[in-house]
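Close look at the chain arrangement
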Amino acid sequence: MHVVIMGCGRVGSTLARSLEDRNHTVAVIDSEPDAFRRLGPGFNGDKVAGMGFDQGVLEKAGIRRADAFAAVSSGDNSNIIAARVARETFGIQQVVARIYDPGRAEVYQRLGITTVATVKWTADQVLRRLLPAGAEPDFRDPSGTIRMDHMLVPERWVGSSVGSFQEQARARVAWIDRLGEGMLPTRESVIQEGDLLHVVVREEHASHAYEVLEAGPEHNE
């Protein structure tokens, strides 16, 4: 892939190096040429000085051959404008914008621009570590309808099938962490001791799913 990144701060420079490490080509745009020093001497991509929402600057960065665009500067307005230009003018489908204002992030998410709301993401990460299991999900879709939780299997569920748990919990097991590896279960997969279930459930059924997990299966299989 060729990826264009607007913003060469800590996030942009780290992202650029990570993409290069994965053998992708990268062009980084920043209005301050001194910012490119964060990329280090080993960076082989393009460094383009200018505003990331300027079409001429984007052309220099190879936007017409790009597969993805990331707007990760320190300004919400600049990130959104650049993301919209990349998507609407140049037809880039994989566009991500970093937004500090959670309210704005939700608006643009609904418009089809993938956003990372920095403040909300950080707060959510802290909440998950402060509150009891189930209080905050690992993921919640932008509409707030679907959530994903990780659930450590209690002993009472060991030996039961994934299908049985799904039916009783009104949920779906997306994958299982087992002995340090991820596995995609079928309905017939048997739950084992130490399994960590990654469960997708509707928000209104989350409490029920945790109650079922705690109570155990309704009958022996």
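Look up a bit, the structure's there.
Below is a short write-up of the structure. (Residues numbered from 1 in each chain as written. Predicted model: local features only at pLDDT ≥ 70, side-chain atom pairs only at ≥ 80, totals over all residues. Heavy atoms only, no water.)

What follows deals with the pairing of strand β5 (residues 94-99). Pairing of strand β4 (residues 68-71) with β5 involves four bridges; the strand directions are parallel. Following the sheet pairing, alanine 70 is matched in β5 by valine 96. The pairing of β5 with strand β6 (residues 114-117) spans four bridges and is classified as parallel. Across the sheet, arginine 98 pairs through a bridge with valine 116, a residue of β6. (Pairing = 2+ DSSP bridges. Helix = DSSP H or I, 4+ residues; strand = E, 2+ residues; numbered from the N terminus.)

A separate point is the pairing of strand β1 (residues 2-6). Among the five residues that make up β1, five are buried, leaving the element largely enclosed by the rest of the structure. Residue alternation in β1 divides its side chains into two sets, His2, Val4 and Met6 and Val3 and Ile5, and both sets are buried. Sheet topology note: the β1/strand β2 (residues 25-30) ladder contains five bridges and is parallel. Directly across from valine 3, in β2, lies its bridge partner valine 26. As a crossover connection, the stretch from β1 through helix α1 (residues 10-21) into β2 is right-handed. For β1 and β4, the ladder comprises four bridges, and the chain directions are parallel. Bridged to valine 3 within β4 is alanine 68. (Buried < 20%, exposed > 50% of the residue type's maximum accessible area, 1.4 Å probe, protein only. Right-handed = clockwise from strand over helix to strand, strands pointing away.)

Now for unusual backbone geometry. For asparagine 23, which is not a glycine, the phi torsion comes out positive at approximately 70°. Mapped onto the secondary structure, asparagine 23 falls in the loop between α1 and β2. For arginine 170, which is not a glycine, the phi torsion comes out positive at approximately 55°. Using a relative accessible area of 48% as the deciding quantity, one classes arginine 170 as partly exposed.

The next thing to look at is the packing of helix α6 (residues 162-169) against helix α7 (residues 206-215). Interhelical geometry of α6 versus α7 gives an angle of 135° and a closest axis separation of 9 Å. Overall, the two elements α6 and α7 adopt an arrangement that is oblique. For the element pair α6 and α7, the recorded crossing hand is right-handed. Between α6 and α7, the residues in contact are Phe165, Gln168 and Ala169 and His208, Ala209, Val212 and Leu213, respectively. Tallied by class, residues from the contact of α6 with α7 come to five nonpolar, two polar and no charged. (Axes fitted to C-alpha atoms, helices over the stretch in contact; angles between N-to-C directions. Parallel < 35°, antiparallel > 145°, perpendicular 65-115°, else oblique. Left-handed = near helix turned anticlockwise from the far one by under 90°. Contact = heavy atoms within 4.5 Å. Nonpolar A, V, L, I, M, F, W, Y, C, P; charged D, E, K, R; others polar.)

Across the sheet, which stays open at both edges, the six strands sit in the order β3-β2-β1-β4-β5-β6 with parallel pairing between neighbours. The two strands at the open ends of the sheet, each matched to only one other strand, are β3 (46-49) and β6. For this sheet the average axis-to-axis angle between neighbouring strands, irrespective of direction, equals 15°. Of the strands in this sheet, β1, β2, β4 and β5 are in contact with α1, which crosses β1 at around 170°.

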